Amino acid sequence: MFFADRVSKLHGSAIREMFKLLADPQIISFAGGAPSPALFPSEQLADITAQILKNNPAVALQYGISEGYTPLREFVQSRMKAAGNLGDSDNLIITSGGQQALDLTFKSLINEGDTVAVESPSFIGGLNSIKSYNAKIKAVPVLDDGLDTEALEEIAKNDKIKIVYTIPTFQNPTGITMSLAKRKKMLELAEKYDFFILEDNPYGELRYNGEEIATMKSMDTDGRVIYAGSFSKILSAGMRLGWCVARKDIMEKIIICKQVSDVHTPVLTQMAAYEFCSRYSLDEHIAKSRELYKTRCNAMLSALERYFPKDCSFTRPDGGIFLWCTLPERIDTQELLKKAVQKKVAFVPGATCESDDKSSANKIRLNYSLPDEGKIEKGIKILSEVIAEQ
Ligand SMILES: Cc1ncc(COP(=O)(O)O)c(C=O)c1O
């Protein structure tokens, strides 16, 4: 009763409580969304960090500027520029993970009661941030080629949409990628109905099949697209580094919100990331990640083909770290999870990826970046048996 409205609707679900059980080393978890520690360049970062602390403690241990440690910021800016994601009227800020880029954007743009369109299903961290600003959420289904733009237009006709939150590439949780035609349509709709698009792209560089598709940010001509990026899946999640690109007037507010939130992202991790990227090749490092995740994705797909009950279906991602399974309608995957955990396998039930906490009750999200190929095969076999019993 004493809680602020902005947090009263946020509650840790029973499912998230259950994930505490995942500390059990016997559990094969497809539930997380973490990168593989096998890819962490830990030795290089150990040397780099020691050198920074020895040679440059006055910078590393001091307050930094809110926009980010300048060399890292310039490095990310040049990558974004090369990818077409940083226009002349844009600015870039380093954030504490991509999560903060989302939260600062929503904080800067959403008034209580504003309509925000989200994908159904979507990323829980983005959804919770939107909820915390008391927005009116409209869920738009994700189809095989991305968000249903016709459904979005229907909403836009009846409701003034302020912002659309989308993960167009290797979406969390579905692994689905939005087609080029739909990306163009989204930009058209944004102009016609005067809304912003937050393009959340933490997985875009993890493509291992098919051709790259232009980001909406790279095709945006009037500053309607705000772009969120992350180092979590391409370098380290624990260093908490991400970035946000937005038109200058929006960025001014984002910077003030960042100052209110955490003043700046830790200088030490920014310096270490910059040193890593300047001494070694981030692109080569990402190429290794792509290779590993491709192998694991293929391992999961072939295990699903072999063991999964025939009345279940699953997506086939061209990149990223998740896929999405549809089970028969009668199966409630929150209940299924309890049984699966008893058999030492975990996944994310679909309803936890929905803004209403209810839809997608017969769906599950599977992660394949963390478990190795052996665990993937074993875990999918067990999971398939649990589903078949159900
Ligand atoms: C779609 C999406 N956006 C943003 C994030 C935030 O990641 P981070 O804050 O680690 O950069 C995640 C993390 O899983 C994600 O899946």
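Analysis parameters
Residues numbered from 1 in each chain as written. Predicted model: local features only at pLDDT ≥ 70, side-chain atom pairs only at ≥ 80, totals over all residues. Heavy atoms only, no water. Helix = DSSP H or I, 4+ residues; strand = E, 2+ residues; numbered from the N terminus. Rg over C-alpha atoms; globule rule 2.2 N^0.38 Å. Buried < 20%, exposed > 50% of the residue type's maximum accessible area, 1.4 Å probe, protein only. Contact = heavy atoms within 4.5 Å. Phe/Tyr/Trp six-rings, centres within 6.5 Å; stacked < 30°, edge-to-face > 60°. Domains from an automatic or database assignment. Buried area = accessible area lost by both parts, 1.4 Å probe. Salt bridge = Lys/Arg side-chain N within 4 Å of Asp/Glu carboxyl O. Polar contact = N/O pair within 3.5 Å; in protein donor to acceptor, adjacent residues only side chain to side chain. Nonpolar A, V, L, I, M, F, W, Y, C, P; charged D, E, K, R; others polar. Near = heavy atom within 4 Å. Areas by Shrake-Rupley, 256 points an atom, 1.4 Å probe, with all protein chains shown as cover. 1 Å grid on protein atoms, 1.4 Å probe; cavity = no way out; pocket = protein on both sides within 12 Å on 5 of 7 lines; lining within 4 Å. Points joined across faces, edges and corners; volume = space filled by probe spheres on them. Axes fitted to C-alpha atoms, helices over the stretch in contact; angles between N-to-C directions. Parallel < 35°, antiparallel > 145°, perpendicular 65-115°, else oblique. Left-handed = near helix turned anticlockwise from the far one by under 90°.

Caption draft 1: Main features of the overall build of the protein. If you tally the helices and strands in the protein, you get 15 helices and 14 strands. Relative to the compact-globule value of 21 Å for 390 residues, the protein shows a C-alpha radius of gyration of 21 Å, a close match. If one aligns the C-alpha atoms of the protein with their principal axes, the spans along those axes are about 60 × 55 × 50 Å. Of all 390 residues assigned to the protein, the portion counted as buried reaches 54%. Taking the intrachain contacts of the protein between residues at least 6 apart in sequence as the baseline, contacts between residues at least 24 apart amount to 75%.

Caption draft 2: Representation of the packing of aromatic side chains within the structure. Inspection of the entire model under this criterion finds seven aromatic pairs. When the ring of phenylalanine 106 is compared with that of tyrosine 165, the centres are 5.6 Å apart and the planes differ by 85°; the resulting orientation is edge-to-face. One end of the pair, phenylalanine 106, is in helix H6 (residues 97–109); the other, tyrosine 165, is in strand S6 (residues 161–166), and 59 residues separate them in sequence.

Caption draft 3: Here's a closer look at the domain arrangement of the protein. Segmentation of the protein into domains returns domain 1 (5–41 + 284–389) and domain 2 (43–279). Averaged C-alpha coordinates put domain 1 and domain 2 at centres separated by 24 Å. Here domain 1 and domain 2 share an interface that buries about 3000 Å² over both sides, 59% of which is from carbon and sulfur atoms. Interface area lost by domain 1 to domain 2 is led by Pro41, Asp318 and Ser355, which between them contribute 22%. If you look at where domain 1 meets domain 2, you find one salt bridge. One salt bridge connects lysine 131 with aspartate 357, and the closest N-O pair in it is separated by 3.9 Å. There are 17 residue pairs in polar contact (both at pLDDT 80 or more) connecting domain 1 and domain 2. Of all elements in the fold, only helix H1 (5–8), helix H13 (282–307) and strand S11 (322–326) reach the threshold of two or more residues within the side of domain 1 that touches domain 2. The leading source of residues in the side of domain 1 that touches domain 2 is H13, at seven residues. Across the side of domain 1 that touches domain 2, the residue classes tally to 14 nonpolar, eight polar and 10 charged.

Caption draft 4: The site of the ligand, seen in detail. Neighbouring the ligand are 13 residues; Gly98, Asp200, Tyr203, Ser230 and Ser232 lie closest to it. For the ligand, an oxygen atom lies 2.6 Å from a polar atom in the backbone of glycine 98. Protein chains bury 91% of the 390 Å² of accessible surface belonging to the ligand in isolation. Top element by residues in the shell around the ligand is H6. It accounts for three residues.

Caption draft 5: Region of interest: the layout of surface pockets. Space inside the largest pocket adds up to approximately 590 Å³. Phe123, Ile124, Asn172, Lys233 and Arg365 are, among the 29 residues lining the largest pocket, the residues nearest its centre. Take the lining of the largest pocket: its biggest share by element is three residues, from H6. Each residue belonging to the lining of the largest pocket can be placed in one class, and the counts come to 15 nonpolar, nine polar and five charged.

Caption draft 6: Inspection of empty space enclosed by the protein at higher detail. Taken as a whole and judged by the stated rule, the model has two cavities of 30 Å³ or more. Its volume calculated, the largest cavity comes out at about 50 Å³. In terms of lining residues, the largest cavity is bounded by Pro35, Ser36, Leu39, Phe40, Ser232, Lys233, Ile234, Leu235, Ser236, His285, Ser289 and Tyr293. Each pocket or cavity is described by its volume, and for the second largest cavity that value is around 30 Å³. Per element, the largest residue contribution to the lining of the second largest cavity is four residues, and it comes from helix H5 (residues 70–82). A per-class count over the lining of the second largest cavity returns six nonpolar, no polar and one charged.

Caption draft 7: Layout of the packing of H13 against helix H15 (residues 373–389). Contact geometry of H13 with H15 gives a least axis separation of 9 Å together with a crossing angle of 30°. Considered as vectors, H13 and H15 are oriented roughly parallel to each other. H13 and H15 meet at a crossing whose hand is right-handed. Counted together, Thr295, Arg296, Ala299, Met300, Ala303, Leu304, Arg306 and Tyr307 of H13 and Glu373, Ile376, Glu377, Ile380, Lys381 and Ser384 of H15 form the full contact between these two elements. Of the residues in the contact of H13 with H15, the class split is seven nonpolar, two polar and five charged.

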